[in-house]
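The primary structure of each chain is shown beneath.
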Amino acid sequence: MERRIQKAAVLGSGVMGAAIAAHLANAGIQTLLLDIVPNKLTEKEEAKGLTLEHSVVRNRIAAEAKERLLKVKPAPLFVQKYAELIAPGNLEDDLSQLKEVDWIIEAIVENLGIKQQLFARVEQNWSEGTIVSSNTSGVSINSMVEGRGEAFRKHFLGTHFFNPPRYMKLLEIIPGSDTAKNVIAYMKKFGERTLGKGVVLAKDTPNFIGNRIGVYGLMVTVAEMVRGGWTIEQVDAMTGAAVGHPKSATFRTLDMVGLDTFVHVANNVHNLVQDQAEKQIFVVPEMLTKLVENGWLGDKRGQGFYQKKKTAKGRELNVLDYHTFEYVPVKKEKLAAVEQAKQAGGLRKRIAALAYSHSREGEFTWNVLKKVLLYSASKVPEIADDIVNVDRAMKWGFNWELGPFETWDALGVRKSVERMKQEGETIPQWVEEMLASGMESFYEEEGGKKYFHALTGERAEEEASRQVMSLKAFKKSGTVLSNSGASLIDIGDGVACLEFHSPNNAIGFDIIEMLYKSLDEVERNYRGLVITNEAKNFCVGANLMMILMEAQDDNWDDINHLVKRFQHASLAIKYSKKPVVAAPFGMTLGGGAEICLPAAKIQANAETYMGLVEVGVGVIPGGAGTKEVLLRTTQEVDRIDNKADLTPFVIKAFEKIAMAKVSTSAEEARELGFLRRGDQVTMNRDHLLYDAKQSVLALDATGYQPPRKERVRVVGRDGKAVLQIGAYTMRESGYISEHDLKIANKLAHVLAGGDVNRNMYVTEEYLLDLEREAFLSLCGEPKSQQRMQYMLTKGKPLRN
C-alpha cells in the first residue's frame, strides 16, 4: 500500500461510530464523523430561529455524538483536546468530502439493505486507493458490496472493533472475496501499529470468530445452569477467574454488554446458520427473552441478571432468581471444588483440577468446556484458517487468559478426547488425525519459538510482527542477574532489561538492590537499559506492608536506609552514563512513577495511569518523586528567566502531589508533566518492549550523555507560606481533614526548599534530605499508619 491513512471518515455516529472516531483521534488521525440529517427541529433550535436547512441543524446528530464523547465513562478519548480532530457533518451534504480521506468506516444500523444503499452512494464519492470497511458485527461482507465496481470491492473489507474500541484489544479483519491482499496486509499492520489492536483474520461467516464462539459459550452455560439447577451467582463463581475468564464471568458480563445487544447477536447467528442442530443452540432462552421484554437490560438499566439498588445503608446488590423472576440478595458462598482447584497451582493446572474433579462443580465445568472446545474445533477452518486466530480472538475480545485450544492443551488433548468419546461425542476429524500422528497438543514451544498444529497436519510457527517481543523468551537463555524481586535480562543488540517480579511488583530492598547491580552491569557491558515487565501493571508503588510493619516496630533506621537507597537509586538512573528508558503501562503509581521520572526517556504504553498517590496512605512521595516533580515544574522556567517568580509553578507541583492526580492515559500523563516533550507513546502494549529497546539504541547511537547536575532555585519560606495558606483555607472550608493539612504542610516545606530565602539555589541532595525527613516523620503518625492499614485491607484510601 502506497497510501498512508492520515485522514478518515466514520459513517454513523452512534455509540460505536463515535467511539471509533474517538480512537482514530487518539491515534492522531483527522476524522470526519457523518450521520443522517434530522427531520425535525428541537425546541432550542426553534427558539434560536433555525431552520431544517441550517448547517447546525443538519449536522446536529454527529455534533451531539462528538459532545457526548467528552462525558462518557470510561473516557473514549486519551485527552479531551483530541476531540478537535473530529469534524461532524452529515450524509447528504458532506459525502463529497470522502474523496479527501484515506479510510472510510461504515458504522450504521445492522441492516443489509440500508448498508448496500449507503455503499452505492459512497462509491460515487470514492477515490481509488481509499480503503472502505464496515464495522458490522455479523452482516455478510460480500453481500454489502454486491453490485459495486471491482476496484471498490478490492479496497473493501470488514473491520470489526469490539466495544469500547479504545480499551478492547481485538480488531477482527474480515476480507471479502475480492479484497486485495496488499489491502489486507496494510490494514493488519495499521491496526496493530497505529491503532494498538490485536488483529485476527476472520472469514465472512455469521458473527465472525469472537462473537460466534463467545455467544455459543454463553448459550451452553445458560443451558447447563438450568439443567443442573445452579443459581446465577454459583455459575459466575465457576465461570470467572476459576477458568481464566474475567471476574465478571458469565452473567455480570452479559449485564455489562447489554442483554438486548446479546439477544440481537444470538439471533443473527440463529437466522444465518444452515445446520439445524446448530441453529437450535442459538435459540434465545426464555429467561433472556423475558428480561428484554421487561426492559431489564443489564447495567444500562440498573438491572438484568443482577440488580444494583441504592438503599439507606448504601448500594445493595441483588441477583435474579430465574424461577420466580424476583431479585434476592447475593449469597457469597464458596464452592468447595472451586476452592480446592485454586490450590492446584497455575491456571492450566487449576482448569484441569476443576474440570476433572469428581464433584457437581467439576461436572458443570467439564460439560461447558467440552462443548465449547468441540464447537471451536468444528468451526475451523469455517470461521478462521487456523487455531491461532481463534485463540487470539477469544483472549483479546473476551479477555480469556487462554483460548479454546490452549485450554484444551491444559486439559490434556488425548485424555479429554478419550472421555468425550466415552460420552458419545463426535470428535472433529482433524483433531483425531492430529492425535493419530503422535502429536499430543495443539501448541509446542521449542527454542524460544511457539508452534501450532496446522490443519494440513504439519507443525507451523506462530506468526508475530517483529515489534512483538517477549521477556519470557529472553529469560530462558539471557538472564544476567536475578533475585527474588527483579531480574536483569539480555534482550539483544547490547541492550538489557530490568524486570520486576516481586509480589504485585511492589518495590522493596530486593528491587532497589537489583537496580544498583543492573546499572553497574549495564555501564560496564551494555549500550543501555530498559525498565519494564510483563505483569498486569508496571508497578503500584513501594512495599506498603513492609513500611507499615517497620514503622509500627519503630525500626526507623531500616526505613531511613530503604528510602535513602531508593532516592539514590533515582539519582543513579538519572545520571547513568548509559541511557535508561522506562517503559510503563497500566497502573504506574507512587514508587512506580518514581522509577520512571528520572529516566533518560519514558516510552509509555498509551494506557498508562501514572501518578504520585502517597498522600492517600498518609505520606508524601519519598523515593525522589517530590523532588523530581518540583524540578520538572520549575527548572525549565528558571533556565528561560532566572528572575521569574516560581511560586505559581510550585503551586502546580503542590496540587499535583497533594491531590494525588493520576493520569487516565499516557497523553494525560504528558499534560500532568509526568511525560516530557521527548517522551514517546506506544499504542500497542505488545510492542512496548521493542519500542523501548529502539529508544535505547537511538539514544546510544547519537552519543548519549547524562544530564549535567544543576542547582535548583527554590521559593523558600515566603513561597512555603503561600502554599500553607492555601492548604489552611481548604481545611477551614471543610475540603480536607486536619491530617490532610499536616501532610500538606510537610509537602509545602519540601517543595519550597525549607526555611531558606526566596530564590536561593540548593542541591538535589538537599531536597532529598527534606523529602526523606518529611516521609519518615509522617510514617510515625498514627493517622498515617491507619491510612496504610486501611489501604492494605480495603484496597482504597481512608480519609481521616
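In this text, all values refer to a predicted model and were calculated from it rather than measured experimentally. The numbering scheme is per chain: residues are counted from 1 as the chain's sequence reads. Totals for whole chains, interfaces and linings use every residue, but because this is a predicted model, local features are given only for residues with pLDDT of at least 70 and side-chain atom pairs only at 80 or more, for both listing and counting. Water and hydrogen atoms play no part in the side-chain values, which are based on all heavy atoms of the structure.

Undergrad: What is the right way to look at the packing of helix H12 (residues 259–272) against helix H14 (residues 286–293) in this model?
TA: If you want to describe how two helices pack, look at the angle between their axes and the distance between the axes. Two numbers describe how H12 lies on H14: the axes approach to 9 Å, and their chain directions differ by 130 degrees. When the axes of H12 and H14 are compared, the pair comes out oblique. Regarding H12 and H14, the two cross each other, and that crossing is left-handed. Between H12 and H14, the contacting residues are Leu259, Asp260, Phe262 and Val263 on the first element and Leu288, Leu291 and Val292 on the second. Residues are sorted three ways: Asp, Glu, Lys and Arg are charged, Ala, Val, Leu, Ile, Met, Phe, Trp, Tyr, Cys and Pro are nonpolar, and all the rest, Gly among them, are polar. Residue classes in the contact of H12 with H14 are distributed as 6 nonpolar, no polar and 1 charged. Axes, fitted as lines to C-alpha atoms, cover a helix only where it is in contact. Angles between the N-to-C directions of the axes lie from 0 to 180 degrees. Secondary structure elements are taken from DSSP: a helix is a run of H or I of four residues or more, a strand is a run of E of two residues or more, and numbering for both begins at the N terminus. Roughly parallel covers angles under 35 degrees, roughly antiparallel covers those over 145, roughly perpendicular covers 65 to 115, and oblique covers all other angles. By convention, the crossing between two helices is left-handed when the near helix turns anticlockwise from the far helix through less than a right angle, and right-handed when the turn is clockwise. Residue contacts are defined here by distance: any two heavy atoms, one from each residue, within 4.5 Å place the two residues in contact.

Undergrad: Please clarify how the pairing of strand S8 (residues 198–201) should be interpreted in this entry.
TA: In regular strands, side chains alternate between the two faces of the sheet. When DSSP finds two or more bridges between two strands, those strands count as paired. Summarising the sheet, strand S7 (residues 170–175) and S8 pair through 4 bridges and their orientation is parallel. Across the sheet, residue Leu170 finds its bridge partner in S8, namely Gly198. By the criterion used throughout, a crossover qualifies as right-handed when its path from the first strand across the helix to the second strand runs clockwise, the strands pointing away from the viewer. Taking the sense of rotation as the criterion, the β-α-β connection linking S7, helix H8 (residues 181–193) and S8 turns out right-handed.

Undergrad: Help me understand the sheet that holds strand S18 (residues 528–531) in this model?
TA: Across a sheet, strands are paired by hydrogen bonds formed along the backbone, either parallel or antiparallel in direction. As summarised here, the arrangement of the 7 strands in space is S15-S16-S17-S18-S19-S21-S23, forming an open sheet in which the pairing is mixed. The open sheet terminates on both sides in strands that have one partner only, identified here as strand S15 (479–482) and strand S23 (680–682). Strand-to-strand twist in this sheet, taken as the mean axis angle between neighbours without regard to direction, amounts to 20 degrees.

Undergrad: Please explain the state of the cysteines as it appears in this structure.
TA: The rule for a disulfide is simple: a pair of cysteine sulfur atoms within 2.5 Å. The final tally for this structure, using the stated rule, is 0 disulfides. Among the cysteines around Cys497, which has no disulfide bond, Cys596 carries the closest sulfur, lying 12 Å off. Using a 1.4 Å probe on the protein chains alone, a residue whose accessible area is under 20% of its type maximum counts as buried, one over 50% counts as exposed, and one in between counts as partly exposed. Under the relative-accessibility criterion, Cys497 is labelled buried at 0%. With no disulfide partner, Cys779 has as its closest neighbouring cysteine sulfur the one in Cys539, 17 Å distant. Accessibility expressed as a relative area gives 0% for Cys779, which makes it buried.

Undergrad: Sorry, what's going on with unusual backbone geometry here?
TA: Negative phi characterises most residues that are not glycine, and trans characterises most peptide bonds. Here Lys73 and Pro74 are connected by a cis peptide whose omega angle stands at -5 degrees. One non-glycine residue with positive phi stands out, namely Phe325, at about 60 degrees. Assignment of secondary structure puts Phe325 in the loop between strand S10 (314–321) and strand S11 (326–329). Residues other than glycine seldom take positive phi values, yet Ala660 does so here, at roughly 50 degrees.

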